[in-house]
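In case you want the letters, here they are:
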Amino acid sequence: MKNEEHFASVYDYLMEDAPYDRWLEYTTVFLPAGSRVLDLACGTCTFTIMLQEAGFNASGTDLSQDMLTIGEEKIRERKLEIPLYRQDMRELTGFNNLDGITLFCDGLNYLLTEEDVQQAFKKAYSALKPGGILLFDVHSLFKMNTIFNDQMYGENGEDISYIWFCTPGREPDSVEHSLTFFLKTHTGLYERKDEEQFQRTFPPEIYKTWLQEAGFSKVEITGDFGRREPLETDERIFIKAEKNSRNSSDGREI
């Protein structure tokens, strides 16, 4: 079993306490039901399914085929129709005139270079209609450099146990996640699997600059799922960006 495969198989277990309801609430502030919404880095599609069931016309993309395979199974179980695509957010293609794009659960933080983030913003901009909305969250600098700074986490479950080490990455404001899973097999014995994940974040004002350079306007940076100004100790930063309306012949937004 490849690392990608076993990580996909335990992803929903690791995400049991993820704030999906609050991500959905944040989304509905800016996008009405019926909107065409693409869920980038959709993983196993838990949030994509929630979008569809909340009345959105949802679709999803992810880089991992194993994640998408699990997502497809969950979609079939609910008798829904949600198109899924294996795509890299830096090379997003085939989408246009979307009302909204969501990218939650620090999915953007898996892009490790400035150029990669900027390219993802450009692709998202191209896929949106004028006035379309991009919504995403990222790890804060505080979380990256304090909470993830040489920390260890773990859980001992009946079928799955894991140990999770966080160490500073090579790049500024980055982290290396080293995870060891012990998965119970049909024999009752446990099989060990190792996984490494790398993430990096940037200052909120840098994200704002890159979004504006990609063509976005009305960039809003908030904390607590959009409810207030961000605090230095916030773990997540929320960013909403709107695609410029059509421009006049002299380049002014109208």
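This structure is a prediction, so every number in the text was calculated from the model and none was measured.

The 7 strands are arranged 3-2-1-4-5-11-10 in an open sheet whose pairing can be described as mixed. At either margin of the open sheet sits one strand with a lone partner, and together these are strand 3 (84-86) and strand 10 (216-222). The sheet shows a mean angle of 15° between the axes of neighbouring strands, direction not considered. Across 5 bridges, strand 4 (residues 98-103) lies against strand 5 (residues 128-139) in parallel orientation. Its bridge partner being in strand 5, Gly100 is matched across the sheet by Ile133. Its contacts with the sheet put helix 3 (residues 46-53) on strand 1 (36-39), strand 2 (57-62) and strand 4, and the angle it makes with strand 2 is roughly 170°. Strand contacts of helix 4 (residues 65-77): strand 2 and strand 3, with the helix running at about 170° to strand 3, the strand carrying the most contacts.

Next up on the list: unusual backbone geometry. With a phi angle near 55°, Asp150 is a residue other than glycine that sits in the positive phi range. Examined against the element boundaries, Asp150 turns out to sit in the loop between helix 6 (141-147) and strand 6 (151-156). One non-glycine residue, Asp224, adopts positive backbone phi at about 50°. With a relative accessible area of 26%, Asp224 lands in the partly exposed category.

Moving on, we get to the packing of helix 5 (residues 114-127) against helix 7 (residues 204-214). Helix-helix packing is characterised by the crossing angle of the two axes and by the distance between the axes. Interhelical geometry of helix 5 versus helix 7 gives an angle of 45° and a closest axis separation of 9 Å. Here helix 7 runs oblique to helix 5, going by the angle between their axes. Considering how the two elements wind past one another, helix 5 and helix 7 form a crossing that is right-handed. Contacts from Glu114, Val117, Gln118, Phe121, Lys122 and Tyr125 of helix 5 reach helix 7 at Tyr207, Trp210, Leu211, Glu213 and Ala214. Residue classes in the contact of helix 5 with helix 7 are distributed as 7 nonpolar, 1 polar and 3 charged.

Here we come to the sheet that holds strand 9 (residues 190-200). With antiparallel pairing, the 4 strands of this open sheet are ordered in space as 6-7-8-9. Only two strands of the sheet have a single neighbouring strand rather than two, namely strand 6 and strand 9. Within the sheet, the average angular offset between the axes of one strand and its neighbour, ignoring direction, is 10°. In the sheet, strand 7 (residues 160-168) pairs with strand 8 (residues 174-184) via 9 bridges, with the strands oriented antiparallel. By the bridge assignment for strand 8, Pro168 is matched with Val175.

Residues Tyr207, Trp210, Leu211 and Ala214 constitute the buried set of helix 7. Across the axial projection of helix 7, the buried residues extend over an arc of 100°, all falling on one side. Structurally, helix 7 contributes buried residues whose contacts are with helix 5, strand 5, strand 9, strand 10 and strand 11 (236-243). Among the residues trailing helix 7, Gly215 stands out with phi positive, at a value near 115°.

A few words now on the packing of helix 2 (residues 20-30) against helix 3. The interhelical angle for the contact between helix 2 and helix 3, taken along N-to-C directions, is 50°, at an axis separation of 10 Å. By the angle between their axes, helix 2 is oblique relative to helix 3. The hand of the helix 2/helix 3 crossing is right-handed. Across the interface between the two elements, Tyr20, Asp21, Trp23, Leu24 and Thr27 of helix 2 pack against Thr46, Phe47, Met50 and Leu51 of helix 3. Looking at the contact of helix 2 with helix 3 residue by residue, the classes come out as 6 nonpolar, 2 polar and 1 charged.

Reading the values: rules and limits
- Residues numbered from 1 in each chain as written.
- Predicted model: local features only at pLDDT ≥ 70, side-chain atom pairs only at ≥ 80, totals over all residues.
- Heavy atoms only, no water.
- Pairing = 2+ DSSP bridges.
- Helix = DSSP H or I, 4+ residues; strand = E, 2+ residues; numbered from the N terminus.
- Axes fitted to C-alpha atoms, helices over the stretch in contact; angles between N-to-C directions.
- Contact = heavy atoms within 4.5 Å.
- Buried < 20%, exposed > 50% of the residue type's maximum accessible area, 1.4 Å probe, protein only.
- Parallel < 35°, antiparallel > 145°, perpendicular 65-115°, else oblique.
- Left-handed = near helix turned anticlockwise from the far one by under 90°.
- Nonpolar A, V, L, I, M, F, W, Y, C, P; charged D, E, K, R; others polar.
- Arc of directions from axis to C-beta.

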